[in-house]
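# Descriptive structure summary
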Amino acid sequence: MRSHITAAASALLALQSACTSNSHARRDAGGSMPTSEGATKSSSSARTSSATSVLEHHDHPSRDGVYVDPQLTKDAAARLHIDTSFGGASLRGPTYAQPLYLVSKAGKPDLVIAATEQDVVDAFDAGTGKVIWERTLGNPVPRSQLPCGNIDPLGVTGTPIIDSDTRTLFLDAMVLQGSAPHHQVFSLDADTGADRSGWPVDLNDTVSVGATKFDSRVQNQRGALALLAGTVFVPFGGHFGDCGAYHGFVIGIPVEAPSKVRVWATRAIAGGIWAPGGIASDGASLYFATGNTESEPNDFSAPTTWQDGNALFRLSPDLKFDGKSTSYFVPSDWPELDDSDRDLGGSNPIVLDVPGATPPHLVIALGKDGKAYVSDRENLGGAGAPLASATVSSSVIINAPAAYSTQNGSYVVFKGPGKGCPKGQQGGLTAIRISATDPPALAVAWCAGPATLASPAVSVTDDKGSNAIVWIVGNDNKLHALDGDSGVSVFDGGASAMSSVQKFQTPIITGGRVFVAANDRLYAFAP
């Protein structure tokens, strides 16, 4: 058993590496990792020299949210405090998108990049918090200009992505042009904020599937962007309130030919792809989950036949769906899920490998029905029962989950109250363990942590999953750290309360520090 579990940890790190290299290679210019904890305290430049880039949501195409950082042992995590050397990193929020980190090039400082609902993108010196460049993309759209919603104003919501080969930042922004809202996808030089040639792409002018035309007024872009096979992929759903004839869209824009847009859309109305983590990838295919569909706009009743709602999809980068059962999974009770608005797509899928399990190559989906679903990545199974499923939460699951392996097992952790928790345990986070069996099975491993509306991230100190720590921002606006195997508190935030942190926000970890984007400021924590 122990040898299988250790192999699971190594395989998960290998999958992360493969996914990253297949989607966009990392060419970080940072120095070698310091071997002593004291090296992180000497200066801000010493800390940034040990950092690695964070190029996308949850750090990897798999969306596992695992950061390998040898400096963040549990002892170091217990001594965390707000890093005062990283000061003055003010944001014009609200801030829903996760920040990104880009390691320096040609002697320039490392950058921490954040985008907000004010359509403002800031790049800060990672050592000092000084603004290196700032870019206003346009005027955000006031809530009064939209048929429904709960974000005011609406600008950049989905987490951007960086192509490290070209040092290019891609993001979607809702921009008001006259009185009309337009979704525009930007391509910016990550070192300067300048537009790349041929961009931005205005989706109102370019996107349709048959008679289904993309309408920015009713489409919202909450999910994180993905990058695969030289193409940036942008998922779309609707606004809070499900108003109008929106659809779930995946829009693919080739980096070198932005006019040649590719499109996939749900056949039925609605079916939004709105989970914060957006689209996952194993380096070859795209994985995403849709929400409830409707027979008519705003009638909130299921279509008479399944038309792409409440499903997990696997698509190739050309976005052509072959209709085969191997390429999608939909629960048999999809009509009830549609009628009750219990989206399978409230959380993004996570790609992971569990050696010793049969099959070992898995994708995990979490639904608003409180269930976790395990599918074989090679054969998602079509309509009916997945490889495994279990009710793991007593409430809806809406967030960006994380997945990690230690010598004790393979876990998925999510925001939500667990169902079937070990005796005496409760909390704002639930961790489930995926067994290395035939077929794999699910069990709640621990329930702990603060009340929260945020999304977790995980740090480990090596490829064996040592010092696994789950990081989460609580409703107290404090950063918390929990032992990844037990849920026991490692760091309770101490006196380090931040200003208001938006729901679904998730930390990033690099160079011995933890960064969190609040609504009006970017914070760094260090031992």
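Remember, predicted model here, so these are calculated numbers, not experimental data.

### Some thoughts on the state of the cysteines
The final tally for this structure, using the stated rule, is two disulfides. One disulfide bridge connects Cys148 with Cys243, the sulfur atoms lying 2.0 Å from each other. Handedness of the Cys148-Cys243 disulfide follows from its S-S torsion of about -80 degrees: it is left-handed. Note that Cys148 is positioned in the loop between strand E6 (131-136) and strand E7 (161-163) and Cys243 in the loop between strand E14 (231-236) and strand E15 (249-254), a separation of 95 residues in sequence. The pair formed by Cys148 and Cys243 is uniform in burial state, with each residue classed as buried. Across the disulfide, Cys421 is cross-linked to Cys447 (sulfur-sulfur distance 2.0 Å). The chirality of the disulfide connecting Cys421 with Cys447 is left-handed, given an S-S dihedral of about -90 degrees. Here Cys421 is found in the loop between strand E29 (409-415) and strand E30 (429-434), whereas its partner Cys447 is found in strand E31 (residues 442-448), with 26 residues between them in sequence.

### Here's the deal with empty space enclosed by the protein
The final tally for this structure, using the stated rule, is five cavities of 30 Å³ or more. Here the largest cavity is characterised by a volume of approximately 90 Å³. Lining of the largest cavity is provided by His57, Tyr96, Ala97, Gln98, Thr157, Gly158, Thr159, Arg222, Pro276, Phe504, Gln505 and Thr506. In terms of residue class, the lining of the largest cavity is made up of four nonpolar, seven polar and one charged.

### Overview of the nonpolar core
Ranked by internal contacts, the top residues of the largest apolar core, which has 54 residues, are Tyr101, Tyr404, Val413, Trp446, Trp471, Leu479 and Phe525. Excluding anything up to four places from it in sequence, Leu479 contacts Leu80, Trp471, Ile472, Val473, Phe491, Asp492, Gly493, Met498, Pro507, Val514, Val516 and Phe525. By size, the runner-up hydrophobic cluster in this structure holds 20 residues, among which are Leu352, Val354, Val374 and Val412.

### So, the pairing of strand E24 (residues 361-366)
Most of E24 sits inside the fold, with five of its six residues counted as buried. Two elements, E24 and strand E25 (residues 371-376), share five bridges in a ladder whose sense is antiparallel. Bridge pairing in E25 links Leu362 to Asp376. In this structure, the hairpin formed by E24 and E25 is closed by a connection of four residues, where Gly370 is found at a positive phi of approximately 80 degrees.

What counts and what doesn't
- Residues numbered from 1 in each chain as written.
- Predicted model: local features only at pLDDT ≥ 70, side-chain atom pairs only at ≥ 80, totals over all residues.
- Heavy atoms only, no water.
- Disulfide = S-S within 2.5 Å.
- Helix = DSSP H or I, 4+ residues; strand = E, 2+ residues; numbered from the N terminus.
- Buried < 20%, exposed > 50% of the residue type's maximum accessible area, 1.4 Å probe, protein only.
- 1 Å grid on protein atoms, 1.4 Å probe; cavity = no way out; pocket = protein on both sides within 12 Å on 5 of 7 lines; lining within 4 Å.
- Points joined across faces, edges and corners; volume = space filled by probe spheres on them.
- Nonpolar A, V, L, I, M, F, W, Y, C, P; charged D, E, K, R; others polar.
- Core = buried A, V, L, I, M, F, W, Y, C linked by side-chain atoms within 4.5 Å.
- Contact = heavy atoms within 4.5 Å.
- Pairing = 2+ DSSP bridges.

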